[in-house]
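What the coordinates show
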Amino acid sequence: MKADILLTNIGQLVTMDHGDGPVRGKEMNVLPVIENAEIAWKDGQIIYIGQMNETKIDANEVIDCQGKLVTPGLVDPHTHVVFGGSREHEVSLKLQGASYLEILEMGGGIHSTVSQTKLATHEELKQKTIQHLNRMLSYGVTTVEAKSGYGLDEETEFKQLKVAKELQSEHVMDIVSTFLGAHAVPKDYKGNEEAFLEKMLSLLDQIKEEELAEFVDIFAETGVFSVEQSREFLLKAKEKGFLVKIHADEIDPLGGTEMATEIGATSADHLCGASSKGVEMLGDSNTIAVILPGTTFYLNKPEFAPARAMIDQNAAVSLATDFNPGSCPTENLQLIMTIAMLKLKMTPEEIWNAVTINSSYAINRGEQAGKLKVGRKADVVIWNAPNYTYVPYHFGVNHVESVFKNGKLVVNRGVFDVS
Ligand SMILES: O=C(O)CC1=NCN=C1
Ligand SMILES: [Zn+2]
């Protein structure tokens, strides 16, 4: 068998090849691992996965993985990666005890990023986003969702969406685009949310025509949009052919989780305040629960999402960074894995399923990402770690050694000249 690249002497090859669909409930605690394994690819496509020395493979390049861990590229299914500026100036307010919603109400938070995103040129926004995507790649992420939502007007929402679309073809990262025009109520629409939502809905035809987004999302939260406003908005988006997802029960328990499952949302995200009814409905639905423990940590909230109860009720759970300049300014999905272990009480097996195969289904890429299987593209990570438990265990550092995207080496962190 002729190959371009063969990885051999792999200690643990985690394939995520459970069969079709996301993994849910008890199945989340199963991790398909091949010990002492090899994987080979040609022209960017996986042609062999198996035990070492089972098959003769004639490869142009052979990489001895020295017993290390190899996994699929990670999938980050919830990020606000396209944005201007930053919000470190709000740290003093946070330290004085101002809450996220209080800062938003004061005209800061999302509104602050909206002002900075409006000021950024298309090119400035694009170059800044490339830096964030490169850092995500260095953490082992090879597929990412990118939301708009820092324009709250036609011009700047389209600027964000066009940056994401250009990077879909120009950057090696696979990017799934989401329209989040309903991210907050701009000052000139205060008290007139319905009119603002109508304005955002009026953009959908052009977004669909120009293929600028696959998903539509909305922030269902106190002081932003109600659950009923969100239901109506997302149902209209579905009628126009969009897939939908929702920021639900992030801060206040409004019942967005239940609504997401009722309308057949692809994912319901945050869910810190999900009710027991909402948890039960997730278990009985195809809606993926995307949990963002980094945000709960960074907002210093005591209550984390009840991920343990969701898994116990047979839900499919995914993890994401929620990378954004305000409530979770980190691209480090590995750190999220550690927080999920400690605060959500998820096992290493559940965590690895939640950052690969389940995340890929949360952004409609279940057939393309999050799994290593013959015939799929070679999005592969070699970790400087002896096993999959080691990554969330040894926290706050980057364990990636090499990242291959479509079979091409795109990140090599294994090179040190320390003599
Ligand atoms: O604050 C932000 O910029 C991102 C966010 N949207 C909803 N929750 C957090
Ligand atoms: Zn978010």
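Structural data are supplied above this passage.
Right, let's walk through the structure included here.

Thresholds applied
Residues numbered from 1 in each chain as written. Chains lettered and ligands numbered in written order. Predicted model: local features only at pLDDT ≥ 70, side-chain atom pairs only at ≥ 80, totals over all residues. Heavy atoms only, no water. Buried < 20%, exposed > 50% of the residue type's maximum accessible area, 1.4 Å probe, protein only. Helix = DSSP H or I, 4+ residues; strand = E, 2+ residues; numbered from the N terminus. Pairing = 2+ DSSP bridges. Right-handed = clockwise from strand over helix to strand, strands pointing away. Patch = residues over 30% accessible without salt bridge, like charges linked within 9 Å, V, L, I, M, F, W, Y side chains within 5 Å. Areas by Shrake-Rupley, 256 points an atom, 1.4 Å probe, with all protein chains shown as cover. Salt bridge = Lys/Arg side-chain N within 4 Å of Asp/Glu carboxyl O. Near = heavy atom within 4 Å. Polar contact = N/O pair within 3.5 Å; in protein donor to acceptor, adjacent residues only side chain to side chain. Nonpolar A, V, L, I, M, F, W, Y, C, P; charged D, E, K, R; others polar.

Let's shift gears to the pairing of strand 10 (residues 243–248). When you tally the buried positions in strand 10, you get 5 out of 6 residues, the bulk of the element. Bridging between strand 9 (residues 215–218) and strand 10 involves 2 bridges; their strand directions are parallel. Paired with Val216 across the bridge in strand 10 is Val244. Remark: the strand 9/helix 8 (residues 227–239)/strand 10 crossover connection has right-handed handedness. Bridge count for strand 10 against strand 11 (residues 267–270) is 4 bridges, and the pairing is parallel. Residue pairing for strand 11: Ile246 is matched across the bridge by Ala268.

With that out of the way, let us pick up a nonpolar patch on the surface. Together, Val91, Leu95, Phe297 and Tyr298 make up a nonpolar patch on the protein surface, roughly 400 Å² of accessible area in all. Elements with a contribution of two residues or more to the nonpolar patch: helix 1 (91–95) and helix 11 (293–298). Assignment of secondary structure puts Tyr298 in helix 11. In this structure Tyr298 comes out as partly exposed when scored by relative accessible area, which is 31%.

With that out of the way, let us pick up the site of ligand 1. Around ligand 1, the structure places Arg87, Tyr100, Ile110, Tyr150, His183, Phe219, His247, Glu250, Asn324 and Ser327. Residue Tyr100 places a side-chain N or O atom 2.6 Å away from an oxygen atom belonging to ligand 1. In the model, an oxygen atom of ligand 1 is placed 3.5 Å from a nitrogen or oxygen of the Asn324 side chain. Across the complex, the protein chains shield 100% of the 270 Å² of accessible surface that ligand 1 would expose by itself. Counted by class, the shell around ligand 1 contains 4 nonpolar, 4 polar and 2 charged residues.

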